[in-house]
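# Overview (structure and organization)
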Amino acid sequence: MSFAPWRSHLSRALHRNRSQPYSRYLQLATVDTQGLPANRTVVFRGFLEDSNQLQFITDARSNKIAHIKAKPWAEICWYFTKSREQFRLFGKLVLVTAADLEPALQLARQQAWQKLSDSTRLQFSWPKPGEERVTNPEAFSPPQPSAKEPIINFCLLLLTPEKVDHLELRGEPQNRCLYLLQKDQTWSTQSINP
Ligand SMILES: Cc1cc2nc3c(=O)[nH]c(=O)nc-3n(C[C@H](O)[C@H](O)[C@H](O)COP(=O)(O)O)c2cc1C
């Protein structure tokens, strides 16, 4: 596996903005089952080993799951405030659920779970996301799940980019570069007008 040419720019942005924890927050847009846009903030959880796939985690009971199952297309939009640059990555999402039989993906799911804090792990045992608020406070203090084995509600989400649009506000004039994945799985790189 060779690193995509946009990887070094994204890694540099993550490094330059590392003092700001919210640099790992980005917006992930999907298409809902009516064909309408749906957007939300998620946390970047690093790249899947030996791949250009970005890792996220989510709850198997959340609304986005139905969107992804019907249409796997997604775009993320990520702005780094310190270095003043935006990355838009378009591609397909892969859901890694408890039912996934691919050993490497199941291992990645397990490792993602093990890296979480206890409080984040607990959220996957909260009542179903998006439903009417459960008023019993005990529902939000369930028993602490195992730190080793992910619970069934825990999903790893992978984005396989096919198009990356990198805009740097710094510079007069600004710089914008488009990376496209070709049929032969190599990347084209083109400087475009901002
Ligand atoms: C700073 C921040 C980080 C978040 N991180 C995640 C995350 O990593 N995964 C996730 O599924 N939701 C995360 N959320 C919650 C989502 O934005 C969203 O509310 C939730 O996933 C339900 O979305 P859905 O109904 O479109 O499925 C985060 C929200 C905020 C404000």
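Just above, that's the structure.
Below or above, wherever it landed, is the structure these notes cover. Being a predicted model, the structure only gives us computed values, none of them experimental. (Residues numbered from 1 in each chain as written. Predicted model: local features only at pLDDT ≥ 70, side-chain atom pairs only at ≥ 80, totals over all residues.)

### Remarks on the overall build of the chain
What counts here: Helix and strand assignments come from DSSP, with helices taken as H or I runs of at least 4 residues and strands as E runs of at least 2, each series counted from the N terminus. Throughout, radius of gyration means the C-alpha value; the globule benchmark is 2.2 Å times the number of residues raised to the power 0.38. Exposure classification rests on a simple neighbour count of other C-beta atoms within 10 Å of a residue's own: a residue reaching 20 or more is buried, one at 12 or fewer is exposed, and one in between is partly exposed. C-beta atoms are placed from the backbone.
On a plain count of helices and strands, the chain comes out with four helices and eight strands. Of the regular secondary structure in the chain, the N- to C-terminal order runs α-β-β-β-α-β-β-α-α-β-β-β. Here the chain has a C-alpha radius of gyration of 18 Å; the compact-globule value for 194 residues is 16 Å, and the two agree. Residue burial in the chain is summarised as follows: out of 194 residues, 22% are buried.

### Observations regarding the site of the ligand
Applied cut-off: In this analysis a residue is considered near a molecule or strand if the C-beta atom, reconstructed from its backbone, is found within 6 Å of that molecule or strand.
Neighbouring residues of the ligand: 15 residues in total, closest R40, T58, S62, N63 and K64. At the level of secondary structure, the elements contributing two or more residues to the shell around the ligand comprise strand 2 (37-43), strand 3 (54-59) and helix 2 (63-70). Among the elements that line the shell around the ligand, the one with the most residues is strand 2, at five residues.

### Examining the pairing of strand 7 (residues 175-181)
Working note: regular strand, side chains alternate between the two faces of the sheet. Stated formally: A pair of strands is labelled paired if DSSP reports no fewer than 2 bridges between them.
Pairing of strand 6 (residues 154-168) with strand 7, which is carried by six bridges, proceeds in the antiparallel orientation. Of the residues in strand 7, the one forming a bridge with V164 is Y179. Counting the residues between successive antiparallel strands, the hairpin from strand 6 to strand 7 contains six residues, one of them, G171, with a positive phi of roughly 110 degrees. Two strands pair when backbone bridges link them, and strand 7 and strand 8 (residues 187-192) are joined in this way by six bridges, in the antiparallel orientation. By the bridge assignment, L180 is partnered in strand 8 with S188.

### Points about helix 2
Our working rule: The arc in question is traced by the directions running from the helix axis to the C-beta atoms. Here, residue contact means that the backbone-derived C-beta atoms of the two residues sit within 7 Å.
Burial in helix 2 covers these residues: K64, H67 and I68. On an axial view of helix 2, the arc spanned by its buried residues comes to 95 degrees, and they lie on one face. Summarising the geometry of helix 2, the exposed residues directed more than 90 degrees from the buried face are A66 and K69. Looking at the buried residues of helix 2, the elements they touch are strand 1 (25-31), strand 2, strand 3 and strand 5 (85-96).

### Observations regarding unusual backbone geometry
A cis geometry characterises the amide bond from E172 onward to P173, with omega recorded as -5 degrees. Here the phi dihedral of R84 falls at roughly 55 degrees; this positive angle occurs in a residue that is not glycine. Position of R84 among the secondary structure elements: in the loop between strand 4 (73-80) and strand 5. A positive phi angle, close to 70 degrees, is found at Q185, a residue other than glycine. Residue position: Q185 is located in the loop between strand 7 and strand 8. Of the residues examined, Q185 has 8 C-beta atoms within 10 Å and is grouped as exposed.

### Overview of the environment of A60
In this structure, A60 sits in the loop between strand 3 and helix 2. Residue class for A60 comes out partly exposed when judged on the 16 C-beta atoms lying within 10 Å of it. Considered as a pair, A60 and F154 are 94 residues apart in the sequence and their alpha carbons are 5.9 Å apart. In this view, A60 contacts I65, T97, I152, N153 and C155; residues no more than four positions away in its chain are not counted.

### So, the pairing of strand 2
Across seven bridges, strand 1 lies against strand 2 in antiparallel orientation. Paired with L28 across the two strands is R40, which belongs to strand 2. Hairpin connection between strand 1 and strand 2: a loop of five residues separates the two successive antiparallel strands, and G35 in this loop has a positive phi of roughly 85 degrees.

### Some points on the nonpolar core
Definition in use: Only buried Ala, Val, Leu, Ile, Met, Phe, Trp, Tyr and Cys residues enter a nonpolar core, and they are joined through C-beta atoms within 7 Å.
I57, I76, L156, L157, L158 and L159 are the most contacted members of the largest nonpolar core, which totals 29 residues. Those elements giving two or more residues to this core turn out to be helix 1 (7-16), strand 1, strand 3, strand 4, strand 5, helix 3 (103-114) and strand 6. If one sorts the elements of this core by residue count, strand 6 sits on top with seven residues. Filtering out sequence-adjacent residues up to four positions away, L159 remains in contact with Q53, L54, A74, I76, L89, G91 and L93.

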